[in-house]
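Survey of secondary and tertiary structure
Spelled out, the chains give:
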Amino acid sequence: MPNANRFAVVIAVDGPAASGKGTIARALAAHFGLPHMDTGSLYRAVGLAVLRAGGDPADAALAAKCARTLDVAVLDDPALREPSTARAASVVSAHPEVRAALLECQQAFARQPGGAVLDGRDIGTVIAPDADIKIFVTASLDVRAKRRQAETPERDYAVVRANLAERDARDAERDAAPLRQADDSILLDTSDMDRETAIARAIALAEARLAEKAALG
Ligand code: CDP
């Protein structure tokens, strides 16, 4: 039974591209009756704004300006899901000025009364280091590439795989809030799980962590 109202629960879900973290975060939010923020969409929106301004995502000053003046209407734009936007997102997200501009809205979302679920790359490490539950969702590169290809069927598997590998490397190797598993997070490797199994496992892990915390008082 959903029981997040016992106290304000903050859940951080991180992981590499196409790991299924968004699906798991949405399922946890529904299970516990919590609001959910997909922080990747913020970086995608900044990347898209830079591209639409005719700029280069590597231009830190322009990307920071786009982050500071982000139009929330763009968060519903289907172009956010385009591979070109994903690539631009991973380039703009390496600029510390962009991350700084997006920090406050993410932290305010995490701090709201009643709790929240956020998914991204640095939720458990930077945005909400005190989160009650941290789950790091991963899967092998091949499995993630197959899943992403299923969302974009017209694309060549080798191209999808290469794009993911390039983005993983950039996200993990950047200096500003690199993708890494928080020491106190639970690892959920979904390589051999279908969607329903991964969701059930994540809910069970989250419930177990909450029960543990409750027992500690
Ligand atoms: O859906 P997918 O896993 O492909 O990507 P996403 O979560 O929408 O994130 C797009 C890009 O934004 C990532 O490749 C990261 O470079 C960046 N990002 C980030 O730096 N920090 C976050 N908290 C979330 C996303």
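Preceding this section is the structure that the text describes.
Residues numbered from 1 in each chain as written. Predicted model: local features only at pLDDT ≥ 70, side-chain atom pairs only at ≥ 80, totals over all residues. Heavy atoms only, no water.

1. Focus on the nonpolar core
Keep this limit in mind: The criterion is simple. A nonpolar core is a set of buried Ala, Val, Leu, Ile, Met, Phe, Trp, Tyr and Cys residues joined through side-chain atoms within 4.5 Å. Working definition: with a 1.4 Å probe on protein chains only, accessible area under 20% of the residue-type maximum means buried, over 50% means exposed, and in between means partly exposed. Starting at the N terminus, helices and strands are each numbered in turn, a helix being any DSSP run of H or I of at least four residues and a strand any DSSP run of E of at least two. Here, two residues are considered to be in contact whenever any of their heavy atoms come within 4.5 Å of each other.
In this structure, I11, V13, I24 and L28 are the most contacted members of the largest nonpolar core, which totals 23 residues. Put simply, the parts of the chain that give this core at least two residues each are β1 (9-14), α1 (21-32), β4 (133-138), β5 (186-189) and α9 (195-216). Contacts of V13, omitting those with residues within four sequence positions, involve K21, I24, A25, L28, V117, L118, D119, G120, I123, I135 and V137. Grouped together as the second largest cluster of nonpolar side chains are 22 residues, M37, A89, V92 and V98 included.

2. Here's the deal with the packing of helix α2 (residues 40-52) against helix α5 (residues 96-111)
Worth spelling out the cut-off: What counts as an axis is a line fitted to C-alpha atoms, over the stretch in contact for a helix, and the angles between N-to-C directions run from 0 to 180 degrees. When describing relative orientation, an angle under 35 degrees is termed roughly parallel and one over 145 degrees roughly antiparallel, while 65 to 115 degrees is termed roughly perpendicular and anything else oblique. For any pair of crossing helices, the crossing counts as left-handed if the nearer helix is rotated counterclockwise from the farther one by less than a right angle, and right-handed if it is rotated clockwise. Ten residues, namely Ala, Val, Leu, Ile, Met, Phe, Trp, Tyr, Cys and Pro, are considered nonpolar, four, namely Asp, Glu, Lys and Arg, are considered charged, and the remaining ones, Gly among them, are considered polar.
Between α2 and α5, whose axes approach to 11 Å, the crossing angle comes to 140 degrees. Considering the angle they form, α2 stands oblique to α5. In the crossing of α2 with α5, the sense of the turn from one axis to the other is right-handed. Of the residues in α5, those touching α2 at L42, Y43 and V46 are V98, R99, L102, C105 and Q106. Of the residues in the contact of α2 with α5, the class split is 6 nonpolar, 1 polar and 1 charged.

3. Examining the sheet that holds β4
Counted only if it meets this: Here, a strand pair is defined by DSSP locating no fewer than two bridges between the strands.
One open sheet accounts for 5 strands, arranged β2-β3-β1-β4-β5; its pairing is parallel. Bordering the open sheet on either side are β2 (36-38) and β5, each of which pairs with just one other strand. Within this sheet the neighbouring strands show an average axis-to-axis angle of 20 degrees, counted without direction. One ladder, built from 4 bridges, connects β4 with β5; its direction is parallel. Along β5, the bridge assignment pairs T138 with D189. Along the sheet face, α9 touches β1, β4 and β5 and points at about 170 degrees away from the line of β5.

4. Brief notes about the layout of surface pockets
Rule in force here: Lining residues are defined by having an atom within 4 Å of a point belonging to a cavity or pocket. Those points lie on a 1 Å grid over the protein atoms alone, cavities being sets where a 1.4 Å probe fits but cannot get out and pockets being open sets with protein on both sides within 12 Å along at least five of seven lines. Grid points are joined across faces, edges and corners, and a volume is the space filled by probe spheres set on the points.
In this model, the largest pocket occupies a volume close to 990 Å³. Lining the largest pocket are 46 residues, and of these A17, A18, R44, R81 and R148 sit closest to its centre. For the lining of the largest pocket, the elements supplying multiple residues, two or more each, are α1, α2, α4 (83-92), β3 (115-120), α7 (141-151), α8 (157-173) and α9. Broken down by element, the lining of the largest pocket gets its largest block of residues, 7 residues, from α8. Taken together, the residues of the lining of the largest pocket break down into 11 nonpolar, 13 polar and 22 charged.

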